[in-house]
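# Analysis of the macromolecular model
Each chain, letter by letter, is given below.
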Amino acid sequence: MIRSSVSNCPVPTDQQPLNEYEELKTSWLFRDSTLDLREYITKIAWIWGLSWLVAAPVAATSFPPHKYIAHFILCGAAAASVGVVLALVRLYLGWFYVCDRLCSPTVFYEESGWYDGQTWTKPEEILNRDRLIVAYEIKPILRRLQFTFAGLAGMYVIGTIVWHLF
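In what follows, the accompanying structure is described. (Residues numbered from 1 in each chain as written. Predicted model: local features only at pLDDT ≥ 70, side-chain atom pairs only at ≥ 80, totals over all residues. Heavy atoms only, no water.)

### Things to note about the nonpolar core
One broad trend across soluble globular proteins is that nonpolar side chains are buried collectively. Note the threshold: Among buried residues, those of type Ala, Val, Leu, Ile, Met, Phe, Trp, Tyr and Cys that are joined through side-chain atoms within 4.5 Å constitute a nonpolar core. Each residue gets one of three labels from its accessible area relative to the maximum for its type: buried under 20%, exposed over 50%, partly exposed in between, using a 1.4 Å probe on protein chains only. Should any heavy atoms of two residues lie within 4.5 Å, those residues are considered in contact.
Grouped together as the largest cluster of nonpolar side chains are 21 residues, with contacts concentrated most on Tyr21, Leu88, Trp95, Leu102, Ile138 and Leu145. Look past the residues within four positions of Tyr21 in its chain and what remains in contact with it is Trp95, Val98, Leu102, Ile133, Glu137 and Ile138.

Have a look at this one:
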C-alpha cells in the first residue's frame, strides 16, 4: 500500500483510490489486462479454450460432431466465448470503478462500517495526479477491453453469417 502524500487524509489506506488502483493492477485477473498485446491475447485465448471444456459437450449434444461438424464448431465457439465475455465484463467493471474513483474530486469512504460513510475532497495536486494516472494508465486498458468486446461482436456476426451458409 502506498501511504498518502497528504498528511491529513482521513480516508483509510485501503480505501484510497491510488491504493485501490495499485491493488487492482497487481491482482491475478486484472494484471492480465495490463500485459503487452500478445500476452493479453494469449490470456484471452486461454480463457476461451478453457471455456470449451463446458461448451463442447453442450454443443455435441445439439450437433453431433460426426454429422454436423460445422454447426458443432460454430455453436461450441459461440458458447465458449460466453466465458470470455464474463471475464471481460468483470475486468471492465473493475477498471471502470477505479477510474471513476480516481477521476472524482471527492472520495467516499467508510470509517468503521457501512453505516458511517463520509466524503473527502481531494486537494488539487492529488486530483491532478490521479487524473494523470487515469489518462495514461487506465484509459488505455479500458480502450483495449472495448476493442476486445468489439472484436467478439464482430466474430459473432461472422459466425452468424457462416452459420446461415451451412
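### A closer look at the packing of helix H3 (residues 37-62) against helix H4 (residues 69-103)
Stated formally: Between the N-to-C directions of two axes lies an angle of 0 to 180 degrees, each axis being a line fitted to C-alpha atoms and, for a helix, fitted only over the stretch in contact. Each helix is a run of H or I in the DSSP string that is no shorter than four residues. Each strand is a run of E no shorter than two, and both are numbered from the N terminus. Geometric relationships in this document are graded by angle, where less than 35 degrees denotes roughly parallel, more than 145 denotes roughly antiparallel, 65 to 115 denotes roughly perpendicular, and other angles denote oblique. What makes a crossing left-handed is the near helix being turned counterclockwise from the far one by less than a right angle; a clockwise turn instead makes it right-handed.
Running from N to C, H3 and H4 point in directions that differ by 130°, and their axes come no closer than 7 Å. Here H3 lies oblique to H4, going by the angle between them. In the packing of H3 onto H4, the handedness of the crossing is right-handed. Contacts from Tyr40, Ile44, Ile47, Trp48, Ser51, Trp52, Ala55, Ala56, Ala59 and Ala60 of H3 reach H4 at Phe72, Ile73, Cys75, Gly76, Ala77, Ala79, Ala80, Ser81, Gly83, Val84, Ala87 and Leu88.

### Some words on a nonpolar patch on the surface
Selection criterion: Here a patch means residues that are over 30% exposed by relative accessible area and free of salt bridges, tied together within 9 Å if like-charged and within 5 Å if nonpolar (Val, Leu, Ile, Met, Phe, Trp, Tyr). Per-residue and other accessible areas were derived by the Shrake-Rupley procedure at a 1.4 Å probe size, with only the shown protein chains allowed to occlude residues. Counted as salt bridges are all cases of a side-chain nitrogen of Lys or Arg within 4 Å of a carboxyl oxygen of Asp or Glu.
A contiguous nonpolar surface patch, about 490 Å² in accessible area, is contributed by Trp46, Leu50, Leu53 and Val54. In this fold, Leu50 is placed in helix H3.

### Re the packing of H4 against helix H5 (residues 124-165)
Rules: Any residue that is not Ala, Val, Leu, Ile, Met, Phe, Trp, Tyr, Cys, Pro, Asp, Glu, Lys or Arg is counted as polar, Gly included; the first ten are nonpolar and the last four charged.
Contact geometry of H4 with H5 gives a least axis separation of 9 Å together with a crossing angle of 165°. Here H4 lies roughly antiparallel to H5, going by the angle between them. Note on packing geometry: the crossing formed by H4 with H5 is left-handed. In the contact of H4 with H5, the residues fall into 28 nonpolar, 5 polar and 3 charged.

### Observations regarding H3
Rule in force here: By this rule, a helix spans an expected 1.5 Å times one less than how many residues it contains. To get the bend at a residue, fit one axis to the 7 residues ending there and another to the 7 starting there, then take the angle between the axes. Any pair of nitrogen or oxygen atoms within 3.5 Å is treated as a polar contact; in protein, a donor-acceptor pairing is required on top of that, and neighbouring residues in sequence qualify only through side-chain atoms on both sides.
Taking 1.5 Å per residue as the helical rise, H3 with its 26 residues ought to reach 38 Å, and the 35 Å between its terminal C-alpha atoms agrees with that figure. The largest bend in H3 comes to about 45°, at Leu53, with the proline Pro57 one to four residues further on. Of the residues making up H3, those classed as buried are Tyr40, Ile44, Ser51, Trp52, Ala55 and Ala59. Summarising the contacts, the buried residues of H3 are in contact with H4 and H5. The backbone nitrogen of Arg38 has a side-chain oxygen 3.1 Å away, supplied by the residue at the start of H3, namely Asp36.

### Observations regarding the packing of aromatic side chains
Worth spelling out the cut-off: Between the rings of Phe, Tyr and Trp (Trp by its six-membered ring), a pair exists once the centres lie within 6.5 Å; its type follows the angle of the planes, with under 30 degrees stacked, over 60 edge-to-face, and the other angles tilted.
Counting across every chain of the model gives 8 aromatic pairs. Their ring planes at 75° and their centres at 6.2 Å tell us that Phe30 and Trp95 sit as a pair that is edge-to-face. With a gap of 65 residues between them, Phe30 in helix H2 (residues 28-31) and Trp95 in helix H4 connect regions that are remote in the sequence. Grouping residues by exposure puts Phe30 and Trp95 together as buried. Through a chain of ring-to-ring contacts, three or more aromatic side chains come together here, namely Tyr21, Phe30 and Trp95.

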